[in-house]
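Chains, contacts and geometry: an overview
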Amino acid sequence: MKVLKRLFDFYLQASLHVALSCAALVLMTLHMFHFSLSHPIVLFVFFGTIAGYNFVKYDALARTGEKEPGIRIRLVMLLSIISLFASGWFFLHLEKVAQLVSMVFVLLTLLYTLPFFPNRSNARNWAGIKIYIVSFCWAGVTVIMPVLNADPGLGSFLHVDVYLKFVQRLILVFALILIFEIIDLSKDDPHLQTVPQKIGVKKTKMLGLILLMPFYFLEFLRSQPDISQLYINLVMVVVTAVFLAFANERKSRYYTAFWVESIPVFWWILVLLFG
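Summarised in this report is the structure supplied together with it. The structure presented is a predicted model; accordingly, all values stated were derived computationally and were not measured.

**A word on the side chain of Ser21**
By the secondary structure assignment, Ser21 is in helix H2 (residues 16-32). Look past the residues within four positions of Ser21 in its chain and what remains in contact with it is Trp138, Glu261, Ser262, Pro264 and Val265.

Set out below in structure tokens:
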């Protein structure tokens, strides 16, 4: 059992689970717009998420060198390097317009992590901005990039449904991040000014529940609303609302690191089964 737990912890710590969630959202987009499966964009996002998230998480450790990394961290670093090269390989197989857009999100990740300006912290530590950068990147990578890669002629990109899906995805990711911020409330630096730090846990939960309403009803504004998707999204809203309602600082790290990050995968499974 200890071996299985260590493997599971490595799976989470190495950002494999969050990468799976991000790839699931890309698959959702391809399905929603009836595009054929594109392995390069799915695998680019999967490996890019591993490399990007681990770069964000372990950048400070790598630069300061204050503590010798243990074997698990070394393995995570090795996986991150392999993932970086893998994402680079699949990047070469993307359409040019998708490549250009991906560079925007790479730059945002660097801005989020590295202090580009003298005597300034990185964007990750700018008061209150973290949740907006992360939500925007997730929505862009999982909606805009797959659409542009599938239809580089911009025909689909100019359709209003794409922007509805972008806003819908932005709202969902924002609501999910609120759960993370509630769980991490006691550990986050007060200067970060996360949503729970600014308005309290109770109001943060109310905000998340309110946001789930436009997430759901935006589906009705599509040019051709999908009835099965309306039912699936309703299940998604209920599941997310339950996780949000029961979130508190005493929850195990698995509550967010595994269960909350499983919501996009659960969403994709529902689409496969009932969509």
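Past the structure itself, the notes keep going.
**Digging into helix H1 (residues 2-13)**
Along its 12 residues, H1 runs 16 Å from first to last C-alpha, staying within 8% of the 16 Å computed at 1.5 Å per residue. After H1 finishes, the residue Ser15 shows a positive phi value of roughly 65°.

**Considering the packing of aromatic side chains**
Per the counting criterion, the structure on display carries 17 aromatic pairs. Seen from their ring centres, Phe47 and Phe90 are 6.1 Å apart, and the 0° between their planes marks the pair as stacked. Taken together, the residues span a long stretch of sequence, with Phe47 in helix H3 (residues 39-64) and Phe90 in helix H4 (residues 71-91) at a distance of 43 residues. Between the aromatic rings of Phe136 and Phe166, the centroid separation amounts to 5.9 Å while the plane-to-plane angle is 80°, which identifies the pairing as edge-to-face.

**Focus on the packing of helix H6 (residues 130-150) against helix H7 (residues 160-183)**
At a minimum axis distance of 8 Å, the contact between H6 and H7 shows a crossing angle of 145°. Considering only the axes of H6 and H7, their crossing is right-handed. Between H6, through Ile131, Tyr132, Val134, Ser135, Phe136, Trp138, Ala139, Gly140, Thr142, Val143, Ile144 and Val147, and H7, the contact on the second element is made entirely by Val162, Lys165, Phe166, Arg169, Leu170, Val173, Phe174, Ile177, Leu178 and Glu181. Split by residue class, the contact of H6 with H7 holds 16 nonpolar, three polar and three charged.

**Concerning the layout of surface pockets**
Estimated volume of the second largest pocket: approximately 240 Å³. Of the residues that constitute the lining of the second largest pocket, the class distribution is three nonpolar, eight polar and three charged.

**So, the environment of Phe136**
Looking at the secondary structure, you find Phe136 in helix H6. Between the alpha carbons of Phe136 and Val173 there is a distance of 8.6 Å; along the sequence they are 37 residues apart. Leaving out residues up to four positions away in the same chain, Phe136 has contacts with Phe105, Leu108, Phe166 and Leu170.

**Description of a nonpolar patch on the surface**
On the surface, a nonpolar cluster with roughly 500 Å² of combined accessible area is contributed by Met1, Val3, Leu4 and Leu7. When you line up the elements, Val3 lands in helix H1.

**Considerations on the pattern of salt bridges**
Taken as a whole and judged by the stated rule, the model has five salt bridges. Arg253 is paired through a salt bridge with Asp9; the nearest N and O atoms lie 3.0 Å apart. Placement of the pair is Arg253 in helix H11 (residues 253-259) and Asp9 in helix H1, with a sequence separation of 244 residues. Assessed through its relative accessible area of 6%, Asp9 is described here as buried.

Thresholds, definitions, all that
Residues numbered from 1 in each chain as written. Predicted model: local features only at pLDDT ≥ 70, side-chain atom pairs only at ≥ 80, totals over all residues. Heavy atoms only, no water. Helix = DSSP H or I, 4+ residues; strand = E, 2+ residues; numbered from the N terminus. Contact = heavy atoms within 4.5 Å. Expected span 1.5 Å × (residues − 1). Phe/Tyr/Trp six-rings, centres within 6.5 Å; stacked < 30°, edge-to-face > 60°. Axes fitted to C-alpha atoms, helices over the stretch in contact; angles between N-to-C directions. Left-handed = near helix turned anticlockwise from the far one by under 90°. Nonpolar A, V, L, I, M, F, W, Y, C, P; charged D, E, K, R; others polar. 1 Å grid on protein atoms, 1.4 Å probe; cavity = no way out; pocket = protein on both sides within 12 Å on 5 of 7 lines; lining within 4 Å. Points joined across faces, edges and corners; volume = space filled by probe spheres on them. Patch = residues over 30% accessible without salt bridge, like charges linked within 9 Å, V, L, I, M, F, W, Y side chains within 5 Å. Areas by Shrake-Rupley, 256 points an atom, 1.4 Å probe, with all protein chains shown as cover. Salt bridge = Lys/Arg side-chain N within 4 Å of Asp/Glu carboxyl O. Buried < 20%, exposed > 50% of the residue type's maximum accessible area, 1.4 Å probe, protein only.

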